[in-house]
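Notes for the structure review
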4 protein chains.
Amino acid sequence: MTKVVVLVGSLRKESFSRKTAKALVKLTPELDFDFLDIGAVSYFNQDLEANPPADWVSFRERVAAADAVLFVTAEYNRSVPGVLKNAVDVASRPYGKGALLGKPAAIISTSIGAIGGFGANHHLRQSLAFLDMPTMEQPEAYIGHAGSLFDDDGNLTNDGTRDFLAKFGNAFAAFIRKNE
Amino acid sequence: MTKVVVLVGSLRKESFSRKTAKALVKLTPELDFDFLDIGAVSYFNQDLEANPPADWVSFRERVAAADAVLFVTAEYNRSVPGVLKNAVDVASRPYGKGALLGKPAAIISTSIGAIGGFGANHHLRQSLAFLDMPTMEQPEAYIGHAGSLFDDDGNLTNDGTRDFLAKFGNAFAAFIRKNE
Amino acid sequence: MTKVVVLVGSLRKESFSRKTAKALVKLTPELDFDFLDIGAVSYFNQDLEANPPADWVSFRERVAAADAVLFVTAEYNRSVPGVLKNAVDVASRPYGKGALLGKPAAIISTSIGAIGGFGANHHLRQSLAFLDMPTMEQPEAYIGHAGSLFDDDGNLTNDGTRDFLAKFGNAFAAFIRKNE
Amino acid sequence: MTKVVVLVGSLRKESFSRKTAKALVKLTPELDFDFLDIGAVSYFNQDLEANPPADWVSFRERVAAADAVLFVTAEYNRSVPGVLKNAVDVASRPYGKGALLGKPAAIISTSIGAIGGFGANHHLRQSLAFLDMPTMEQPEAYIGHAGSLFDDDGNLTNDGTRDFLAKFGNAFAAFIRKNE
């Protein structure tokens, strides 16, 4: 079964990005998702590469074991949250041999406001292009007004979003098959 | 004397960004620079804001005490290093009251290759625009081939770069005065 | 009286960007606005610079006569409409002496959908930074759902948008004064 | 034989982008290239779509007849030249049925300076993502110092660039096969 690591770009416990990712997982049974904890990945520092920290090693192994990568992220200051970008930086190294290199990817960005994290979404694309990761282009996923889409238990209550996420997950599965 | 905090976007001890920043400091005596350690700033997590970690508090205080901010950064994966973006994220909060808000800024990006970190430079600009930070536009600073500009003691050996950094520091001082 | 040229990034007669610009003009009596026709500006071609077409000359003169520039633009393909970008290209030349150089600017982007032209807005910012044009950062203006804001005569019917545009025009006037 | 339309982002007769494209064509015999004249494409204007100008119709037909698209472009004001963006805008419409939709693409950016048109390259990528065009990610092509690569007859004189363009053309041919 195709394995997809999920990197959620927010550490907040009740993160709308995580809820969005969880909702997509339920709606996409044909893929096997593995949520990684990016908060446990320490900062990239080239000086440590000769003897990498245990958290880098295990994180890179989990990424390397997957067939594809799903990013579901908040937007901080009109760009990618630092904690998520650091996870990309760690998994992109060592240079030319990183675990992310060439893996198919998809991006969902979320926000409480209307814009749906467009800035984070496209800044992340620029990094994934560098890593030669085929990144699904359509459908785009800008989940705005994320604060009004879930009930108190974190279940998706918005039908339009449910339909969209099912379609997105399905398209991603097809995209992975095409780019394997 | 005008006080400028310096955020260096690389944790590597022999970082070319840090060497570039140090060279600029020597060439700009009219400004008082304060180098902050972004590697000591833990990840932003909204859940911690009610009772922020000590490292956030002290970092935010140092930023708040400054008149302006200088970013000197490497480029990781065609964008801002995660560790630097996290520092921006922490110093940008709490929302609407962050220490960075409205402070004049300048950006120098560096790389070993020819392009000089253009991707990091402009992604960072997008974040600073959101934080209402007037950011110096000209001269632009893309320091390419950074591996060939310094001697073994980290001293700048390239005359063209020295002239450029002196001009840049001088322009930044004038820019801060205009935007205070 | 402070003179502002307005460049509308859409040639459509009933353009929502033009309607938005017209609404802002009514709400900002302290500025004197001059709408330029970017559809009349022929393509930039370096070969013609020695003997520039009449449309370039008159367009550049109108821009040069202004104190500031307001861009109100649609988004085409997640970026700046080609016709608007060409107007910027023509007014930016000859290199180092272009009419736009250094003039204060503001950007409003519009769209029929929710996102409000974020992609066009920030791509344009990257060009204005190169032209050393101080560009107002806050308030940002992403006018989404632009199809539902006006009546059949092109009058703004949405109170929130009216308040916002009045605030934006007022902030731009102050921004121009600060950056003159 | 696989047919590739070439859109050159500069109207200058001695354009380095055109010379670069011509050099690549010679080095890539397995693809059949068709150079289109974007200077002949009039501005996109939604009002004309019901009865499109002849230049739009013929341009769209030439694009539609191709299997893939190669963009070779200068950078104007740190972004895509307006004349090239307009060609994209015209070929992207009517909405949902444009001739570019879904076609594999590659981008080469050029500049006289060191940076090689990075800003134009990545802004264009954002538009192509919207048009669901799989865009080759590696190798990236930022052709800097383009003024020193050709002799008076427009022939490529730089061996490193020749090797790179041959490799790029070859990779693009493989990329098109994979994405058909």
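What this report covers is the structure whose coordinates are included nearby. Values in this document were obtained by computation on a predicted structure and should not be read as measured data.

**Topic: the interface of chain B and chain A**
- Across the boundary between the two partners, chain B contributes 32 residues, which contact 32 residues of chain A.
- When chain B packs against chain A, close to 2700 Å² is buried across both sides, 53% of that on carbon and sulfur atoms.
- Area buried by chain B at its contact with chain A is led by Tyr43, Asn77 and His123 of chain B, which between them contribute 28% of it.
- At the boundary of chain B with chain A, the tally comes to 22 residue pairs in polar contact (both at pLDDT 80 or more).
- If you list the elements that add at least two residues to the side of chain B that touches chain A, you get helix H3 (82–91) and helix H4 (118–130) of chain B.
- In terms of residues, the side of chain B that touches chain A owes the most to one element, H3 of chain B, which gives 6 residues.
- For the side of chain B that touches chain A, the residue count by class is 12 nonpolar, 13 polar and 7 charged.

**Considerations on the relation of the copies chain B and chain A**
- Relative to chain A, chain B is turned by 180° and slid 0.0 Å along the rotation axis, the superposed coordinates differing by an RMSD of 0.0 Å. One copy is carried onto the other by what is essentially a two-fold rotation axis. Of every C-alpha in chain B, the one belonging to Gly82 of chain B sits nearest the axis of rotation, 2.2 Å from it.
- A high fraction, 100%, of the interface residues of chain B reappear at the interface in chain A, so the copies pair face to face through one surface.

**A look at the sheet that holds strand E5 (residues 142–143) of chain D**
Residue and element names in this part refer to chain D.
- Taken together, the 5 strands give an open sheet; going across it, the order is E2-E1-E3-E4-E5, and neighbouring strands pair in parallel fashion. Here the strands that pair on one side only, and so sit at the sheet edges, are strand E2 (32–36) and E5.
- With 5 bridges joining them, strand E1 (residues 3–9) and E2 adopt parallel strand pairing. Note on E2: the bridge partner recorded for Val4 is Phe33.
- Set on the sheet, helix H4 (residues 118–130) makes contact with strand E3 (68–73), strand E4 (105–110) and E5; between it and E4 the angle comes to about 160°.
- Against the sheet, helix H5 (residues 159–179) engages E1, E3, E4 and E5, with an angle of about 160° to E4.

**Looking at the pairing of strand E4 (residues 105–110) of chain A**
Residues and elements named next belong to chain A.
- For E4, the tally of buried residues reaches 6 of 6 residues, placing the bulk of the element in the interior.
- Of the pairings in the sheet, the one linking strand E3 (residues 68–73) to E4 comprises 5 bridges and is parallel in character. When the sheet's bridge partners are listed, Val72 is paired in E4 with Ile108.
- For the handedness criterion, the β-α-β arrangement of E3, helix H3 (residues 82–91) and E4 is classed as right-handed.
- When E4 meets strand E5 (residues 142–143), the two strands line up parallel, connected through 2 bridges.

**Some thoughts on the interface of chain B and chain D**
- Between chain B and chain D, the contact holds 7 residues from the first and 7 residues from the second.
- A buried area of about 710 Å², summed over both sides, lies between chain B and chain D, and 69% of it is on carbon and sulfur atoms.
- When the area that chain B buries against chain D is broken down by residue, the three leading residues are Arg78, Ile115 and Phe118 of chain B, summing to 67%.
- Arg78 of chain B is the partner of Glu140 of chain D in a salt bridge, and the nearest nitrogen-oxygen pair spans 2.9 Å.
- Here chain B is connected to chain D by 2 residue pairs in polar contact (both at pLDDT 80 or more).
- Residue composition of the side of chain B that touches chain D, by class: 4 nonpolar, 1 polar and 2 charged.

**Focus on the packing of aromatic side chains**
- As enumerated under the stated definition, the model contains 24 aromatic pairs over all chains in all.
- Consider the rings of Tyr43 of chain A and Tyr43 of chain B, whose centres lie 5.1 Å apart with planes at 70°: the pair is edge-to-face. Here Tyr43 of chain B lies in the loop between strand E2 (32–36) and helix H2 (54–64) and Tyr43 of chain A lies in the loop between strand E2 (32–36) and helix H2 (54–64), a pairing that spans two chains.
- Residue classification places Tyr43 of chain A among the buried residues on the basis of a relative accessible area of 12%.
- Taken together, a centroid distance of 6.3 Å and an interplanar angle of 15° make the contact between Phe16 of chain D and Phe150 of chain D stacked. With Phe16 of chain D in helix H1 (residues 16–27) and Phe150 of chain D in the loop between E5 and H5, this pair connects stretches of sequence that are 134 residues apart. Note on accessibility: Phe16 of chain D and Phe150 of chain D belong to one class, buried.
- These aromatic residues form a ring-pair network of at least three members: Phe118 and Tyr142 of chain A together with Phe118 and Tyr142 of chain C.
- Here the basic side chain of Lys22 of chain C rests over the ring of Phe35 of chain C, its NZ or CZ set 4.1 Å away from the ring centre.

The rules behind the values
- Residues numbered from 1 in each chain as written.
- Chains lettered and ligands numbered in written order.
- Predicted model: local features only at pLDDT ≥ 70, side-chain atom pairs only at ≥ 80, totals over all residues.
- Heavy atoms only, no water.
- Contact = heavy atoms within 4.5 Å.
- Buried area = accessible area lost by both parts, 1.4 Å probe.
- Polar contact = N/O pair within 3.5 Å; in protein donor to acceptor, adjacent residues only side chain to side chain.
- Helix = DSSP H or I, 4+ residues; strand = E, 2+ residues; numbered from the N terminus.
- Nonpolar A, V, L, I, M, F, W, Y, C, P; charged D, E, K, R; others polar.
- Least-squares fit on C-alpha atoms with pLDDT ≥ 70 in both.
- Pairing = 2+ DSSP bridges.
- Axes fitted to C-alpha atoms, helices over the stretch in contact; angles between N-to-C directions.
- Buried < 20%, exposed > 50% of the residue type's maximum accessible area, 1.4 Å probe, protein only.
- Right-handed = clockwise from strand over helix to strand, strands pointing away.
- Salt bridge = Lys/Arg side-chain N within 4 Å of Asp/Glu carboxyl O.
- Phe/Tyr/Trp six-rings, centres within 6.5 Å; stacked < 30°, edge-to-face > 60°.
- Lys NZ or Arg CZ within 6 Å of the ring centre and 35° of its normal.

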